[in-house]
Amino acid sequence: MPAIYYQECSYTNADNESVLDTLLKHNVAIPYGCRAGACQACILQAEPKLIPEDCQQGLSAEQTRQGYFLACRCIPDQDMQLQQVDLQAQKIPATVSESFLLDEHTLCLRLNCRLRWRAGQYITLWINNTARCYSIASVARLDPFIELHIRVYPNGALSKPLSDTVKVGDSLQLQGPLGRFFYLQDHAEQKLLLIGAGTGIAPLIGIARDAVDHQHTANIHLLAAAKTDTSYAEPSLTALQNSAPTFTYQTSDIDNIEKTLSTEFSNLRGQKIYICGGDEFVKSIRKKCFMLGASPRNIITEEFINFASKADVASSDTDL
C-alpha cells in the first residue's frame, strides 16, 4: 500500500482511500469542506508526476503545473510526499453589504468584493476553517454585489453563524468563482427551461436575468420545485416576469415535478435545460428531460453538495 509523507510523518494509505481520508483517520488537521472536489478547501501539493488522474479537476492550468491537487479526490497509486498550500493566498476578502431573510429558513447574503463572476457559478465561503459552497444569484453587469441564497439549518456549520452572528460590514473570505453552470449566448433563439429545487432556484434566477439582459429572444421558463406549492423566491420571480416579456415561471410541489414536466412540457426537443438541486433530484429530472426529447448536450446540471459526513450529520449545510 502507498505511503503518504506529510509534515515529517508517514501514513499508510489503505486501498481505495483518498489522501484526505487517510490524513483525517490519523487525526491530521487539514482544511476540508465538501469532500467531493468542488469547494477546493483541501488543496495540497506534490510532485506533478506522482499525482493520479482525476484529482485536479477545476484547478487552473498554473495550479496543475505546480502540482496542486484535491486531497479528497486523490487515491494514490504510489508513495507521495505532500506539502501544504497557502490557502490564505487564494482567498479573497468580501464585505457583507446586506443580510436579510427571504423566508423563515432562507437567508439572502450580499457581498462586495473584487471578483469577476458569472451568474450561476458558485463560490466557496469561509468562516475560520469551515468552508461551504453557495451559488451566485446576482448578475455582474446588473448588480454591484454577489448575492447568495442560503438555506439556514438549525445546526448548520456555516449557515447558522451566517444567519445569527454575521452582520452588515463584517468581513468574510471566499474562493472562486467556480463551475460552468451559466448562460451561454450562442443560441438566442433557443428556448430555455430552468428547473430548480429549494435554493437551487438561486443560480437559475441569475441565469434567467443574464439571458434577459443579453436580449435572449426565445422564451425562458423557470420551473421552481418546493415542498409546498410556493417558493421562497416567488417575489423575485414575479418581478422578473412582470419586467421581462420573454420570461415566465411556475411553481410545483416537488413530489409532482415529473408529472408537471410530462403534462406541460411533453416535447423538449431542441430546448436547452438547466437543472439545479440535490443529487437525486438532478438525476431524476435529467433522465425525465431526456425521455421528453432533450438532447444530453443541451442538459446542463449543477448538484447540491451534501457537506454532512456520516460522522458529522449535525453540520448539514447542503447549499451550492
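Chemist: I tried to follow the overall build of the chain on my own but got confused; where do I start?
Modeler: Within the chain, the secondary structure is distributed over seven helices and 16 strands. In terms of overall dimensions, the chain is globule-like: its C-alpha atoms have a radius of gyration of 21 Å, near the 20 Å expected for 320 residues. Taken along the three principal axes of its C-alpha coordinates, the chain extends 65 × 45 × 35 Å. Looking at the 320 residues of the chain, the share that counts as buried comes to 52%.

Chemist: So what exactly am I meant to see when it comes to the layout of surface pockets here?
Modeler: With a probe scaled to a water molecule rolled over the atoms, the places where space remains empty come into view. Its boundaries defined by the atoms lining it, the second largest pocket holds a volume of some 430 Å³. As for the second largest pocket, its lining consists of 18 residues, of which Gln-57, Gly-58, Tyr-122, Leu-178 and Gly-179 are closest to the centre. Along the lines of polarity and charge, the residues of the lining of the second largest pocket split into eight nonpolar, six polar and four charged.

Chemist: Would you take a moment to explain the confidence of the model for the chain for this structure?
Modeler: Reading predicted coordinates in detail is not appropriate for stretches of low pLDDT. Considering every residue of the chain, the mean pLDDT works out to 89; 95% of them sit at 70 or more. Taken element by element, the predicted model of the chain shows its lowest mean pLDDT in helix H2 (residues 61–65) (88) and its highest in helix H4 (residues 201–213) (97).

Chemist: What is the right way to read empty space enclosed by the protein from this model?
Modeler: One pass over the structure, following the stated rule, counts one cavity of 30 Å³ or more. A volume near 40 Å³ is recorded for the largest cavity. Lining the largest cavity are Tyr-183, Leu-184, Asp-186, His-187, Gln-190, Leu-192, His-216, Lys-272 and Tyr-274. Residue classes in the lining of the largest cavity are distributed as four nonpolar, three polar and two charged.

Chemist: Please clarify how the packing of aromatic side chains should be interpreted in this entry.
Modeler: Two descriptors summarise a pair of aromatic rings, namely the distance from one centre to the other and the angle between the planes of the rings. Evaluation of the coordinates by the stated rule reveals one aromatic pair. Note on Phe-181 and Tyr-274: the rings are 5.6 Å apart at their centroids and 80° apart in plane angle, and the pair reads as edge-to-face. Residue Phe-181 is found in the loop between strand S11 (171–178) and strand S12 (192–197), and its partner Tyr-274 is found in strand S15 (residues 272–277); the two are separated by 93 residues along the sequence. In this structure, Phe-181 and Tyr-274 share a single accessibility class: buried. In this structure, Lys-91 packs its charged tip against the face of Trp-126, placed 3.8 Å from the ring centre. In this structure, Arg-151 is placed above the aromatic ring of Tyr-153, and the distance from its NZ or CZ to the ring centre is 5.9 Å.

Chemist: Help me understand H4, please; the structure alone is not making it clear to me.
Modeler: Because the α-helix completes a turn every 3.6 residues, residues three or four places apart line up on one side. Across its 13 residues, H4 extends 18 Å between first and last C-alpha, which sits within 8% of the 18 Å expected from 1.5 Å per residue. Among the 13 residues of H4, 10 are classified as buried, and the element is accordingly described as predominantly covered. Looking only at H4, the buried set comprises Ile-201, Ala-202, Pro-203, Leu-204, Ile-205, Gly-206, Ile-207, Ala-208, Asp-210 and Ala-211.

Chemist: Quick question: what am I supposed to make of the sheet that holds strand S5 (residues 80–81) here?
Modeler: Strands belonging to one sheet form pairs held by backbone hydrogen bonds; the direction of such a pair is parallel or antiparallel. Reading across the sheet, the three strands line up as S2-S1-S5 and stay open at both edges, with mixed pairing between neighbours. Either end of the sheet is taken by a strand with one partner, and the two such strands are strand S2 (9–12) and S5. In the sheet, strand S1 (residues 3–6) pairs with S5 via two bridges, with the strands oriented parallel. When the bridges of S5 are listed, Ile-4 appears paired with Met-80.

Chemist: Which parts of the structure should I look at to understand the pattern of salt bridges?
Modeler: Close approach of charged atoms allows side chains with opposite charge to pair. Counted according to the given criterion, the structure contains 11 salt bridges. A salt bridge links Arg-110 to Glu-98, with the nearest nitrogen and oxygen atoms 2.9 Å apart. With Arg-110 in strand S7 (residues 106–112) and Glu-98 in strand S6 (residues 92–103), this pair connects stretches of sequence that are 12 residues apart. On the basis of relative accessible area, Arg-110 is assigned to the buried category, the value being 18%. We classify Glu-98 as partly exposed; its relative accessible area is 31%. Residues Arg-110 and Glu-147 are paired through a salt bridge, measuring 2.7 Å at the closest nitrogen-oxygen approach. Of this pair, Arg-110 sits in strand S7 while Glu-147 sits in strand S10 (residues 146–151); the two residues are 37 residues apart in sequence, bridging distant segments of the chain. Put simply, Arg-118, Arg-141, Asp-210 and Asp-213 are held in one network by salt bridges that share partners.

What counts, and where the lines are drawn
Residues numbered from 1 in each chain as written. Predicted model: local features only at pLDDT ≥ 70, side-chain atom pairs only at ≥ 80, totals over all residues. Heavy atoms only, no water. Helix = DSSP H or I, 4+ residues; strand = E, 2+ residues; numbered from the N terminus. Rg over C-alpha atoms; globule rule 2.2 N^0.38 Å. Buried < 20%, exposed > 50% of the residue type's maximum accessible area, 1.4 Å probe, protein only. 1 Å grid on protein atoms, 1.4 Å probe; cavity = no way out; pocket = protein on both sides within 12 Å on 5 of 7 lines; lining within 4 Å. Points joined across faces, edges and corners; volume = space filled by probe spheres on them. Nonpolar A, V, L, I, M, F, W, Y, C, P; charged D, E, K, R; others polar. pLDDT = per-residue confidence, 0-100. Phe/Tyr/Trp six-rings, centres within 6.5 Å; stacked < 30°, edge-to-face > 60°. Lys NZ or Arg CZ within 6 Å of the ring centre and 35° of its normal. Expected span 1.5 Å × (residues − 1). Pairing = 2+ DSSP bridges. Salt bridge = Lys/Arg side-chain N within 4 Å of Asp/Glu carboxyl O.

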